[in-house]
Amino acid sequence: MKLLLDFFPILLFFGAYKLGDIYIATGVLMAATVVQMAIIYATERKLQAMQKATLVLILLFGTLTLALHDDRFIKWKPTVLYGAMAIALAVALWALKKNFLKMLLGSQLELPDRIWGRLNVAWIGYCLFMAIINGYVAAYFTTEAWVNFKLWGYVFPIVFLVAQGLYIAPHLKNEDKPTA
């Protein structure tokens, strides 16, 4: 159910684009994201910082797209989001000496500090990669190609998350293991 909720806005965006145009799809994306966040808030009683940022950027860039009738805004939203995430993670890690990933997920995952550090660097690299690839597709390809990339480009986060899971699995501290 959570997976369906995660993909709900992008699937509706893709369908609305195929049945209409980028402006109809943008309106659908904005509405679907509001519904998605309302459901998350209703079930979890809070929104994570990333969810709030995503909602604000979709509403901001979506409004600009619709008001100015310029699809460049919605196409560049992922680049701005990923770029901001990479910068925030990098500044926190290297300037402030804080690991935001550990701060956000440390209560759910118990990992050695060196693994948290590597994960943070991996996330910085992943966010930079996603910002660059989205920017490239948004700048040099048609809107149709960009919309298709948005749907089929979900292979990147899936591969990244699976690889991340495989990497951290041996490092997870399991309290259920019997001690010798």
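What counts and how
Residues numbered from 1 in each chain as written. Predicted model: local features only at pLDDT ≥ 70, side-chain atom pairs only at ≥ 80, totals over all residues. Heavy atoms only, no water. Helix = DSSP H or I, 4+ residues; strand = E, 2+ residues; numbered from the N terminus. Buried < 20%, exposed > 50% of the residue type's maximum accessible area, 1.4 Å probe, protein only. Polar contact = N/O pair within 3.5 Å; in protein donor to acceptor, adjacent residues only side chain to side chain. Contact = heavy atoms within 4.5 Å. Salt bridge = Lys/Arg side-chain N within 4 Å of Asp/Glu carboxyl O. Expected span 1.5 Å × (residues − 1). Arc of directions from axis to C-beta. Axes fitted to C-alpha atoms, helices over the stretch in contact; angles between N-to-C directions. Parallel < 35°, antiparallel > 145°, perpendicular 65-115°, else oblique. Left-handed = near helix turned anticlockwise from the far one by under 90°. Core = buried A, V, L, I, M, F, W, Y, C linked by side-chain atoms within 4.5 Å.

(A) Seen up close, the side chain of Asp 70. Relative to the elements of secondary structure, Asp 70 occurs in the loop between α3 (49-68) and α4 (72-95). Its relative accessible area of 15% is what places Asp 70 among the buried residues. At 2.6 Å, the side chain of Asp 70 forms a polar contact with the side chain of Arg 72. Residues contacting Asp 70, with those up to four places away along its chain left out, are Tyr 23 and Thr 65.

(B) Highlighting the pattern of salt bridges. Considering all chains together, one arrives at three salt bridges under this definition. As a salt-bridge pair, Lys 18 and Glu 144 come within 2.6 Å of each other at their nearest N and O atoms. A residue pair is termed long-range when its members are at least 10 positions apart, and Lys 18 in helix α1 (residues 2-19) and Glu 144 in helix α7 (residues 143-152) qualify at 126 residues. Owing to a relative accessible area of 39%, Lys 18 belongs among the partly exposed residues under this scheme. Linking Asp 113 and Lys 102 is a salt bridge whose minimum nitrogen-to-oxygen distance equals 2.3 Å. Highlighted residues: Asp 113 in helix α6 (residues 113-140) and Lys 102 in helix α5 (residues 100-105), separated in sequence by 11 residues. Judged by relative accessible area, Asp 113 falls into the exposed class, the value being 53%. Of the residues examined, Lys 102 reaches a relative accessible area of 34% and is grouped as partly exposed.

(C) Region of interest: helix α8 (residues 155-168). Between the first and last C-alpha of α8 there are 20 Å, a value that for 14 residues agrees with the 20 Å anticipated at 1.5 Å per step. Within the span of α8, buried status applies to Pro 157, Phe 160, Gln 164 and Ile 168. For α8, the arc enclosing every buried residue in end-on projection is 65°, short of the 170-degree limit, so these residues lie on one face. α8 presents Val 159 and Leu 166 as exposed residues on the side facing more than 90 degrees away from its buried surface.

(D) Representation of the packing of α3 against α4 in the model. Two numbers describe how α3 lies on α4: the axes approach to 9 Å, and their chain directions differ by 150°. Classed by the angle they form, the pair α3 and α4 counts as roughly antiparallel. Where α3 crosses over α4, the handedness of that crossing is right-handed. Where α3 abuts α4, its residues Met 50, Ala 53, Thr 54, Leu 57, Ile 58, Phe 61, Gly 62, Leu 64, Thr 65 and Leu 68 lie against Phe 73, Ile 74, Lys 77, Val 80, Leu 81 and Met 85.

(E) The arrangement of the nonpolar core in detail. Membership of the largest hydrophobic core comes to 22 residues, with the highest contact counts inside it found for Tyr 82, Leu 101, Leu 111, Leu 119, Trp 123, Tyr 126 and Cys 127. Listing elements by their share of this core, those giving two or more residues are α3, α4, α6 and α8. Looking at which element gives the most residues to this core, the answer is α6, with nine residues. Judged by nonpolar contacts, the second largest core, of 19 residues, contains Phe 13, Ala 16, Ala 25 and Met 30.

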